[in-house]
Amino acid sequence: MRAWDKLPTFRGESAVGTWLYRLAVNVVLTRRRSERGERRAVLDDDAALEYQVAREAPIGMRLDLETAMARLPEGARQVFILHDIEGWTHEEIANQLGTVPGTSKSQLSRARAALRSMLDGK
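As the structure is a computational prediction, the values presented were derived from the model and not from experiment. (Residues numbered from 1 in each chain as written. Predicted model: local features only at pLDDT ≥ 70, side-chain atom pairs only at ≥ 80, totals over all residues. Heavy atoms only, no water.)

1. Topic: the overall build of the protein chain
- Across its full length, the protein chain holds 7 helices and 0 strands.
- Helices and strands appear in the protein chain in the N-to-C order α-α-α-α-α-α-α.
- Split into buried and exposed, the 122 residues of the protein chain put 13% on the buried side.
- A sequence separation of at least 24 residues applies to 49% of the contacts in the protein chain between residues at least 6 apart.
- If you sum the accessible surface of the protein chain, you get close to 9700 Å²; carbon and sulfur atoms cover 55% of it. (Helix = DSSP H or I, 4+ residues; strand = E, 2+ residues; numbered from the N terminus. Buried < 20%, exposed > 50% of the residue type's maximum accessible area, 1.4 Å probe, protein only. Contact = heavy atoms within 4.5 Å. Areas by Shrake-Rupley, 256 points an atom, 1.4 Å probe, with all protein chains shown as cover.)

Below, the structure written as structure tokens:
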């Protein structure tokens, strides 16, 4: 249906398959953005959190993770917390920290590798 509705926008500068592919990608991205906004709205509601059952990790495991996170370099720790714990995107992190998204991605990769190594006891 979307392709039929958008057919007047096809200019013929690319193959029809390419145009259809990009149209599909845009539909998926739009849907993901709207779902992400809905999830945040639900998660930000304190009343909803009261009814959520927390699955807590054993105390020893939490302490190990907290200790390992404290040992990370500052930049890697910030990116790890913002991305993996708070749910920020790399673009949001880059804007907040005054860097570029690529720096955020590499810091996150290093942080995860370091945490894996520390938690595995290597």
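2. What to know about the side chain of Ser104
- Structurally, Ser104 can be placed in helix H7 (residues 101-119).
- Exposure remark for Ser104: the relative accessible area of 1% places this residue in the buried category.
- Each residue touching Ser104, except ones within four places of it in the same chain, is listed here: Val79, His90 and Ile93.

3. Considerations on the pattern of salt bridges
- In total, this model carries 2 salt bridges according to the counting rule given.
- Linking Arg77 and Glu74 is a salt bridge whose minimum nitrogen-to-oxygen distance equals 2.3 Å. You can see Arg77 and its partner Glu74 sitting in helix H5 (residues 74-85), 3 residues apart, about one turn around the helix.
- Assessed through its relative accessible area of 22%, Arg77 is described here as partly exposed.
- One salt bridge connects Arg112 with Asp84, and the closest N-O pair in it is separated by 2.8 Å. Separated by 28 residues along the polypeptide, Arg112 in helix H7 and Asp84 in helix H5 bring together distant segments of the chain.
- For Arg112, a relative accessible area of 34% puts it in the partly exposed group.
- Judged by relative accessible area, Asp84 falls into the partly exposed class, the value being 32%. (Salt bridge = Lys/Arg side-chain N within 4 Å of Asp/Glu carboxyl O.)

4. Things to note about the nonpolar core
- Counting residues in hydrophobic clusters, the biggest one holds 11 residues: Ala68, Met69, Leu72, Ala76, Val79, Phe80, Leu82, Ile93, Leu108, Ala111 and Leu115.
- Counting residues per element, this core draws most heavily on H5, at 4 residues.
- Apart from residues no more than four positions distant in its own chain, Leu82 is found in contact with Gly87, Trp88 and Ile93. (Core = buried A, V, L, I, M, F, W, Y, C linked by side-chain atoms within 4.5 Å.)

5. Details of the packing of H5 against H7
- For the pair H5 and H7, the least separation of the axes is 8 Å and the interaxial angle reads 95°. In terms of their interaxial angle, H5 and H7 are classed as roughly perpendicular. Residues Gly75, Ala76, Val79, Phe80, His83 and Asp84 of H5 lie in contact with H7, whose contacting residues are Ser104, Gln107, Leu108, Ala111, Arg112 and Leu115.
- Each residue belonging to the contact of H5 with H7 can be placed in one class, and the counts come to 6 nonpolar, 4 polar and 2 charged. (Axes fitted to C-alpha atoms, helices over the stretch in contact; angles between N-to-C directions. Parallel < 35°, antiparallel > 145°, perpendicular 65-115°, else oblique. Nonpolar A, V, L, I, M, F, W, Y, C, P; charged D, E, K, R; others polar.)

6. Overview of H5
- Here H5 spans 15 Å end to end across 12 residues, near enough to the 16 Å set by a 1.5 Å rise per residue.
- Along H5, the residues classified as buried are Ala76, Val79, Phe80 and Leu82.
- With its phi angle positive at about 85°, Gly87 sits one or two positions after the end of H5. (Expected span 1.5 Å × (residues − 1).)

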